[in-house]
Amino acid sequence: MSALVHLDGREVRATLRMSAEVVVVGSGPAGAAVARRLARDGVRVVVLEEGHHVEPQDFESTGLRAMASLYRDMGTSIAFGNSPMPYLQGRAVGGTSVVNGAICWNFPKPVHDAWAQADRALGEALPFEAITRAETELEARLGVHPTEEHVAGQKNLLMARGADALGVEHRPIRRNTAGCLGSGRCLQGCPHGAKLSMDLTLLPDAVRDGAQLVSGVTVTHVLSDARGAYGVRGRSAAGAQVEVRATRAVVLAASAIQTPVLLRQSGISQGPVGDGLMAHPGVSVTGRFDTVVRNFVGATQGHEVTGFRPEGLKLEALGFDLSILTSRLPGVGLELARRVAELDQYAVYGAAIRAEGTGKVRPGPLGPLVRYDLTEEDVRKARRGVRRLGEVLLAAGATEVYPGIPGFDSVVRDPRRMAAIDDEGSLDPKAYTMSMTHLFGTARMGSDRAHCVVGPDFQHHHVDRLYVADSSVFPSNLGVNPQLPIMALAHLCAERILA
Ligand SMILES: Cc1cc2nc3c(=O)[nH]c(=O)nc-3n(C[C@H](O)[C@H](O)[C@H](O)COP(=O)(O)OP(=O)(O)OC[C@H]3O[C@@H](n4cnc5c(N)ncnc54)[C@H](O)[C@@H]3O)c2cc1C
Ligand code: SF4
């Protein structure tokens, strides 16, 4: 067993009882940040994580094998709605940070202003300066810095060229890496240990300060009585019952999907728990170049176009392994075979949409049931996203791009045809192949007990000593990649518990 993991649930075959001051469910950015901050002040913390610990050298190299070992449901979790789409989550020690793109953004001030305007007590309890202070500390620990040109690879450099040609704002992505070799495998887990995910940073900090991390344990219930929460119950991967009693707090950091499920499964269903799911659905477009691009090498996500944010769109270079890149190519038979033979000439860019759509999460017989619907405005943004992606690819030198919208040209070579998408692109939500990786809002924070699940101090409105530290508490989506803001808010949640 690694030095990081105190117990591995695959080896826990008899009933396990533990006690702590604070038990934390989940070891992703939220759970790791809260455990680290508490342990630093000497609090006895136990972290329970359903996934397993995988060392960097043991990460799978292909996308499909990595999904089987590091992603929840092997990456097949689906949100149903007017445009059914996969939502992706990691399931490992370190949570989704193990498989994410390492992109770091700060909490946007306008989002904080909107939260504070809607709920003054929330704004006062969670001042922007406190979020910034937490982010500054975390950024230093995580080595956040702009992607260096020598590891960027062609796909990222071409994005810069395309944005320059169009005159739109762009920049190298700031990432939490140290010694990145540009191997393009962030979404499969970095084999070089260069992505500074939670398993390599905040969790070892917490364990060094005395926290105990138990992997391979699925928490099924929060234990509470009239006096408040006093522990959690679950089962180990080997099938044994696990119970952890906590004298000071129970902290849920299981993500915006699993946290509301856990609450409802435990009979804690006051307030809009599981309602109000928000996201940043993403669309992507593939472009073909006459030159070698090798989309699968270079920093996985090393460049972004920020100039379309006023349109609710943020464009990012994407890096997939060959199996997934192949699935992005159009055509059948000989036409497809020709494209597959040129696999090193393609680049794939994605647009994350700040969507208005909302959804619901409920416990189901086989796992969470997720419903999510796009608004008509979201579909317009998706359509605009495809247009902008195609324009950047063509401006970067792509000879053809594949918008992938049924009823519209399957191959576009002229930027004027990309602009025509605004008029001719379908407004049927199902016309856009989308996926979600940023999830928010299913146990909202706020001072109004009827419409919020936790208070501005992260504590449940109706169950004392029960805290929610993940992005379930965010009253809205952010419009930017959320891992650093999630860590910052979890850090502040820990400080509320300490207070
Ligand atoms: C492919 C991909 C790429 C991404 N890229 C970026 C990026 O570059 N930058 C960025 O900012 N964001 C990115 N994100 C999003 C970001 O990683 C997440 O928003 C963030 O990890 C959420 O943190 P969290 O701690 O709330 O949840 P998670 O990271 O999902 O962690 C929750 C943990 O809780 C565990 N858990 C759940 N239920 C239970 C239970 N019942 N019992 C025990 N354990 C449980 C899970 O197994 C998981 O390990 C990406 C996401 C994906 C899927
Ligand atoms: S690009 Fe490769 S080396 Fe760099 S952080 Fe990602 S997986 Fe690691």
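Below is a summary of the structure that appears in this document. Please read these numbers as outputs of a predicted model, since none were measured by experiment. (Residues numbered from 1 in each chain as written. Chains lettered and ligands numbered in written order. Predicted model: local features only at pLDDT ≥ 70, side-chain atom pairs only at ≥ 80, totals over all residues. Heavy atoms only, no water.)

Here we take up empty space enclosed by the protein. Enumeration according to the criterion identifies two cavities of 30 Å³ or more in this entry. In this model, the largest cavity occupies a volume close to 80 Å³. Lining the largest cavity are 16 residues, with Cys-180, Ser-183, Cys-186, Cys-190 and Ala-194 positioned closest to its centre. Split into classes, the residues belonging to the lining of the largest cavity amount to seven nonpolar, six polar and three charged. Taken as a whole, the second largest cavity spans an internal volume of roughly 30 Å³. In terms of lining, the second largest cavity is formed by Pro-56, Phe-59, Cys-190, Gly-193, Lys-195, Ser-197, Asp-199 and Leu-200. Along the lines of polarity and charge, the residues of the lining of the second largest cavity split into four nonpolar, two polar and two charged. (1 Å grid on protein atoms, 1.4 Å probe; cavity = no way out; pocket = protein on both sides within 12 Å on 5 of 7 lines; lining within 4 Å. Points joined across faces, edges and corners; volume = space filled by probe spheres on them. Nonpolar A, V, L, I, M, F, W, Y, C, P; charged D, E, K, R; others polar.)

The immediate surroundings of ligand 2 are formed by 13 residues, with Cys-180, Leu-181, Ser-183, Cys-186 and Cys-190 found nearest. When each cavity is represented as a set of grid points, ligand 2 is found to reside in the largest cavity. Residue composition of the shell around ligand 2, grouped by class: five nonpolar, six polar and two charged. (Near = heavy atom within 4 Å. Sits in = over half its atoms within 2 Å of the grid points.)

Moving on: the pairing of strand β10 (residues 217–225). As judged from the eight bridges shared by β10 and strand β11 (residues 228–236), these two strands associate in the antiparallel manner. Paired with Val-222 across the strands is Val-232, a residue of β11. Between the antiparallel neighbours β10 and β11 lie two residues. (Pairing = 2+ DSSP bridges. Helix = DSSP H or I, 4+ residues; strand = E, 2+ residues; numbered from the N terminus.)

Position of Arg-37 relative to the elements: it lies in helix α1 (residues 29–40). Judged by relative accessible area, Arg-37 falls into the buried class, the value being 11%. A polar contact of 3.1 Å, which involves the side chain of Arg-37, links it to the side chain of Asp-41. (Buried < 20%, exposed > 50% of the residue type's maximum accessible area, 1.4 Å probe, protein only. Polar contact = N/O pair within 3.5 Å; in protein donor to acceptor, adjacent residues only side chain to side chain.)

Attention shifts here to the layout of surface pockets. In this model, the second largest pocket occupies a volume close to 210 Å³. Considering the residues around the second largest pocket, the lining is formed by 13 residues, among which Ala-118, Asp-119, Arg-444, Met-445 and Pro-475 are closest to the centre. The biggest single contributor to the lining of the second largest pocket is helix α3 (residues 109–118), with three residues. Counted by class, the lining of the second largest pocket contains seven nonpolar, two polar and four charged residues.

Going through the model one piece at a time under the given rule, you end up with six aromatic pairs. Judged by centre distance (5.1 Å) and plane angle (85 degrees), the rings of Phe-107 and Trp-115 are edge-to-face. Here Phe-107 and Trp-115 have matching classes, each one buried. For the ring pair Phe-107 and Phe-474, a centre distance of 6.3 Å and an interplane angle of 45 degrees mean the geometry is tilted. Here Phe-107, found in the loop between β5 (85–86) and α3, pairs with Phe-474, found in the loop between β21 (466–468) and α13 (483–498); they are 367 residues apart in sequence, far enough to count as distant. Across this residue pair, the class does not change: Phe-107 and Phe-474 are buried. (Phe/Tyr/Trp six-rings, centres within 6.5 Å; stacked < 30°, edge-to-face > 60°.)

Close to ligand 1 lie 36 residues, the nearest being Glu-49, Thr-96, Ile-103, Val-219 and Gln-483. Separating an oxygen atom of ligand 1 from a backbone N or O atom of Ala-92 is a distance of 3.2 Å. Taken by itself ligand 1 offers 1,000 Å² of open surface, and the protein chains cover 96% of this. Secondary-structure elements contributing two or more residues to the shell around ligand 1 are α1, β10, α8 (255–265), β20 (435–440) and α13. For the shell around ligand 1, the element with the highest residue contribution is β10, accounting for three residues. Residue composition of the shell around ligand 1, by class: 16 nonpolar, 15 polar and five charged. (Areas by Shrake-Rupley, 256 points an atom, 1.4 Å probe, with all protein chains shown as cover.)

With that settled, consider the pairing of strand β13 (residues 278–288). Taking burial as the measure, the 11 residues of β13 include 10 buried ones, the bulk of the element. Examined bridge by bridge, β13 and strand β19 (residues 400–402) share three bridges and lie antiparallel to one another. Residue pairing across strands places Gly-287 opposite Val-401, the latter belonging to β19.

Take the packing of α1 against α13 next. At their nearest, the axes of α1 and α13 sit 8 Å apart, and the two run at 35 degrees to each other. Considering how the two elements wind past one another, α1 and α13 form a crossing that is right-handed. Touching Pro-29, Ala-30, Ala-33, Val-34, Arg-37, Leu-38 and Arg-40 of α1 are Gln-483, Ile-486, Met-487, Ala-490, His-491, Cys-493, Ala-494, Glu-495, Ile-497 and Leu-498, all from α13. (Axes fitted to C-alpha atoms, helices over the stretch in contact; angles between N-to-C directions. Left-handed = near helix turned anticlockwise from the far one by under 90°. Contact = heavy atoms within 4.5 Å.)

So, about the sheet that holds strand β18 (residues 367–373). Within a beta sheet, neighbouring strands are joined by backbone hydrogen bonds and run either parallel or antiparallel to one another. Here we have four strands laid out as an open sheet, ordered β5-β4-β18-β17, and mixed in their pairing. Two strands close off the open sheet at either side, each with one partner strand: β5 and β17 (358–364). Of the pairings in the sheet, the one linking strand β4 (residues 78–80) to β5 comprises two bridges and is antiparallel in character. Across the sheet, the residue bridging to Ala-79 is Met-85, located in β5.

The quantities given are spatial measurements derived from coordinates; they are silent on function.
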